[in-house]
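Structural characterization, general
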Amino acid sequence: MKKIVVIFNGGTISMKVDPKIKAAVPSLTGEEIMHMVTGIEKHAEVKSYNFSSFPSPHMTMEKMMELRSFTLKIMEEENPDGVVITHGTDTLEETAFLFDLTIDTEIPIVFTGAMRSGSELGYDGPSNLAQSIVTASSKESRGRGVLVCLNGELNAAQEVTKTNSLSLNAFRTPSFGPLGIVDNNRVIYYRSNDVRQVEDIDVLETAVALVKTVAGMDSSYLKFLTDQGAKGIVIEAFGRGNVPPQMVEGIRYALSKGIHVVIVSRCYEGRVYGSYGYEGGGKHLRTMGVIFGDSLPGQKARIKLMVALSLYHRAEDVRDWFEKDLYMEDSEWSN
Ligand code: ASP
């Protein structure tokens, strides 16, 4: 029988509607949720721990790092075959990606949550938890990095994003689809995901901001962030990685102060690339010295830049690590 550790860490999965305010608040303990996962003892020996009961909009980078240390400590003490962590769905992808980038293990770590609270019809917490435990117990899940399991779909933390504010299948992988599914308590993978980057870090550089580009945007946010002491800035640019010409000055200013600038796309699918050479086009930004973030959404590129800046300081080193295996064009930085 496989030994699985479940770490309860809040989110809607541990919430019920408070009749006074008529809205969901944290109320279920880990033990109460586990009681609803009936029959799981036939699949795994489960040991539960409570880390927190907070909603995931209350998650901070400090708490993510505490959860990481807590998880590593329990993995060392319990030597489990797999780990399941509950998390509010709002920031789940950020914590899962941080774990994926910084925990070097073959042991499956599976994040799960719920889109409906314990008071709603169709509460999906117990089934998501059951399927996550089955996933964490499967030897097919080993060496796949951190996984996210909701609605019977298995996605890689590296690839997944929350795509819907209310539906049960909110967690999806744009462009490629899920890695696999859980069907009748069987874990089935349809494709591999073996290109991963993992680095052990103790302290996370958190001074990284995220800016979304909109039509007619100027350089004021970028200058503000630079003057406020940001170490890195992620820009969710248009399409292939282009910005309005009025933002170029702000990017140049940030780069001249040694700030690392990553460009990703505000599009839901597709990578950034140096396709356009006009002022503010991806090629122009590239020659100025920006890093390309492939198809990562801004919130995940921010996590990756934090990890990069915890490891490296020189612009070339940060870029080389960030863009490793991303098949980017050779840089012609002229800055
Ligand atoms: N707001 C909730 C949270 O992220 C949503 C959820 O858990 O599904 O904690």
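Residues numbered from 1 in each chain as written. Predicted model: local features only at pLDDT ≥ 70, side-chain atom pairs only at ≥ 80, totals over all residues. Heavy atoms only, no water.

**Re the UniProt feature "active site" (unreviewed entry) in the protein**
The UniProt record marks Thr12 and Thr89 with the feature "active site" (unreviewed entry), using the residue numbering of this structure. For the residues just named, distributed over 78 residues, the greatest C-alpha separation is only 7.6 Å, placing them together at one site. Assignment of secondary structure puts threonine 12 in the loop between strand S1 (2–9) and strand S2 (15–18). Discounting chain neighbours no more than four positions away, the residues touching threonine 12 are Gly88, Ala114, Met115, Arg116, Ser117 and Gly118. Given the relative accessible area of 6%, threonine 89 is considered buried. (UniProt positions renumbered as here; feature names shortened; annotations may be inferred. Helix = DSSP H or I, 4+ residues; strand = E, 2+ residues; numbered from the N terminus. Contact = heavy atoms within 4.5 Å. Buried < 20%, exposed > 50% of the residue type's maximum accessible area, 1.4 Å probe, protein only.)

**Some words on the domain arrangement of the protein**
Structurally, the protein comprises domain 1 (2–189) and domain 2 (208–334). The centre of domain 1, based on its C-alpha atoms, is set 31 Å off from the matching centre of domain 2. Listed as interface residues are 17 residues of domain 1 and, on the opposing side, 13 residues of domain 2. For the pair domain 1 and domain 2, the two sides together bury roughly 1100 Å², of which 68% comes from carbon and sulfur. A salt bridge links glutamate 94 to arginine 302, with the nearest nitrogen and oxygen atoms 3.9 Å apart. For the interface between domain 1 and domain 2, the tally reads five residue pairs in polar contact (both at pLDDT 80 or more). Going through the elements one at a time, helix H2 (61–78) and helix H3 (92–102) are the ones with two or more residues in the side of domain 1 that touches domain 2. Per-element accounting of the side of domain 1 that touches domain 2 gives the leading share, six residues, to H3. Per-class residue counts for the side of domain 1 that touches domain 2 are eight nonpolar, five polar and four charged. (Domains from an automatic or database assignment. Buried area = accessible area lost by both parts, 1.4 Å probe. Salt bridge = Lys/Arg side-chain N within 4 Å of Asp/Glu carboxyl O. Polar contact = N/O pair within 3.5 Å; in protein donor to acceptor, adjacent residues only side chain to side chain. Nonpolar A, V, L, I, M, F, W, Y, C, P; charged D, E, K, R; others polar.)

**Topic: the site of the ligand**
In the neighbourhood of the ligand, the contacting residues comprise Gly11, Thr12, Met15, Pro55, Ser56, Pro57, Gly88, Thr89, Asp90 and Ala114. A distance of 2.4 Å separates an oxygen atom of the ligand from a polar side-chain atom of threonine 89. Aspartate 90 places a polar side-chain atom, nitrogen or oxygen, 2.9 Å from a nitrogen atom of the ligand. Looking at the shell around the ligand, its residues break down into four nonpolar, five polar and one charged. (Near = heavy atom within 4 Å.)

**A short note on the pairing of strand S13 (residues 208–212)**
Taken together, the five bridges between S13 and strand S14 (residues 232–237) define a ladder with parallel strand orientation. Residue pairing across strands places lysine 212 opposite glutamate 236, the latter belonging to S14. Chirality of the crossover, the property in question, places the unit of S13, helix H5 (residues 220–227) and S14 among those that are right-handed. (Pairing = 2+ DSSP bridges. Right-handed = clockwise from strand over helix to strand, strands pointing away.)

**A look at the sheet that holds strand S15 (residues 260–265)**
Read from one edge of the open sheet, four strands run S13-S14-S15-S16, paired in parallel fashion. Only two strands of the sheet have a single neighbouring strand rather than two, namely S13 and strand S16 (291–292). In this sheet, S15 lies alongside S14 in parallel orientation, the contact comprising six bridges. Paired with glutamate 236 across the two strands is valine 264, which belongs to S15.

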